[in-house]
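So the chains spell out like this:
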Amino acid sequence: MGQFKQTVALKDVKCFALHGYYPEEQLIGNHFIVDLETEFLPKSFDDELAQTVNYEDLNGIIQEEMKNTQKLLETVLNNMISKVIALYPFVETVNVSIKKLNPPMPGQIGHSFVKLSYTSLK
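Taking an unreviewed UniProt entry as the reference, the protein chain is identified by name as dihydroneopterin aldolase belonging to Pedobacter endophyticus. Its UniProt record gives the protein chain a comment under Sequence similarities (unreviewed entry), which states: "Belongs to the DHNA family."

What follows is the structure, encoded as structure tokens:
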């Protein structure tokens, strides 16, 4: 007999933030796109929000961490994952990525990309 695995995610969350290694990046800011995905074994299907991950909470975590200026996007991603795990300890995997649109460097670059993945050892 098989089991269900559930995914709850937000894709293409657009944000303006002041993340960046260089001081000028933290002054002028940039546009970012965030994806945050969780996977877990559902407890039940009783139509109750308490039995799943609320993507409203995921959006709150994204918005909060995008306002918290960091030098490295890796730090932003790690903070997001830590908050998801604290709020939903039953989550088995969390994948979160950030695209920085038009990063300030020579050449025509659509976006830079950083992804961090977490897998529970339970």
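After presenting the structure, the write-up continues.
Student: Talk me through the overall build of the protein chain; I want residue IDs and the actual numbers.
Tutor: When its secondary structure is counted, the protein chain shows three helices and four strands. N-terminal to C-terminal, the α/β element order of the protein chain is β-α-β-α-α-β-β. Seen through its C-alpha atoms, the protein chain measures out along the principal axes to roughly 55 × 25 × 25 Å. The buried share among the 122 residues of the protein chain stands at 36%. For the protein chain, long-range pairs separated by at least 24 residues make up 62% of all intrachain contacts whose partners lie at least 6 apart in sequence. Of the roughly 7,600 Å² of accessible surface on the protein chain, 55% is carried by carbon and sulfur atoms.

Student: Tell me what's going on with the nonpolar core, and back it up with residues and numbers.
Tutor: Core analysis: the biggest nonpolar cluster contains 26 residues, and Val34, Ile62, Met66, Met80 and Ile98 have the highest contact counts within it. Among the elements of the structure, β1 (6-17), β2 (30-40), α2 (55-67), α3 (73-87) and β3 (93-101) are those that each provide at least two residues to this core. Sorting elements by how many residues they give to this core places α3 first, with six residues. Discounting chain neighbours no more than four positions away, the residues touching Ile62 are Leu10, Val13, Cys15, Val34, Leu36 and Met80.

Student: I'd like a description of the layout of surface pockets, backed by residues and values.
Tutor: Considered as a void within the structure, the largest pocket measures approximately 160 Å³ in volume. Residue lining of the largest pocket: Gly20, Tyr21, Glu25, Lys71, Leu72, Leu73, Glu74, Lys100, Ser112, Phe113 and Val114, and that is the complete set. Looking at the lining of the largest pocket, the elements that each hand over two or more residues are α3 and β4 (111-119). A per-element tally of the lining of the largest pocket places β4 first, with three residues. Considered class by class, the residues forming the lining of the largest pocket number five nonpolar, two polar and four charged.

Student: Explain the pairing of β2 to me, using residue names and the numbers behind them.
Tutor: Each regular strand carries side chains that alternate between the two faces of the sheet. Counted residue by residue, β2 has eight buried out of 11 residues, so it is predominantly covered. Alignment of β2 against β3, held across eight bridges, turns out to be antiparallel. Across the sheet, the residue bridging to Phe32 is Lys100, located in β3.

Student: Any chance you could break down the pairing of β3 for me, citing the residues and the numbers?
Tutor: As paired elements, β3 and β4 share nine bridges and run antiparallel to each other. Bridge assignment links Ser97 to a residue of β4, and that residue is Lys115.

Student: Lay out the sheet that holds β3 in plain terms, naming residues and giving numbers.
Tutor: Pairing is antiparallel across the open sheet formed by four strands, whose spatial order is β1-β2-β3-β4. In this open sheet, the two edge strands, each paired with only one partner strand, are β1 and β4. Looking at each pair of strands side by side, their axes are set apart by 10° on average, direction ignored. In the sheet, β1 pairs with β2 via 10 bridges, with the strands oriented antiparallel. Across the sheet, the residue bridging to Ala9 is Glu37, located in β2. Docked against the sheet, α2 engages β1, β2 and β3, running at close to 30° with respect to β1. Strands β2, β3 and β4 of the sheet are contacted by α3, whose axis makes an angle of about 35° with β4.

Conventions used here
Residues numbered from 1 in each chain as written. Predicted model: local features only at pLDDT ≥ 70, side-chain atom pairs only at ≥ 80, totals over all residues. Heavy atoms only, no water. UniProt positions renumbered as here; feature names shortened; annotations may be inferred. Helix = DSSP H or I, 4+ residues; strand = E, 2+ residues; numbered from the N terminus. Buried < 20%, exposed > 50% of the residue type's maximum accessible area, 1.4 Å probe, protein only. Contact = heavy atoms within 4.5 Å. Areas by Shrake-Rupley, 256 points an atom, 1.4 Å probe, with all protein chains shown as cover. Core = buried A, V, L, I, M, F, W, Y, C linked by side-chain atoms within 4.5 Å. 1 Å grid on protein atoms, 1.4 Å probe; cavity = no way out; pocket = protein on both sides within 12 Å on 5 of 7 lines; lining within 4 Å. Points joined across faces, edges and corners; volume = space filled by probe spheres on them. Nonpolar A, V, L, I, M, F, W, Y, C, P; charged D, E, K, R; others polar. Pairing = 2+ DSSP bridges. Axes fitted to C-alpha atoms, helices over the stretch in contact; angles between N-to-C directions.

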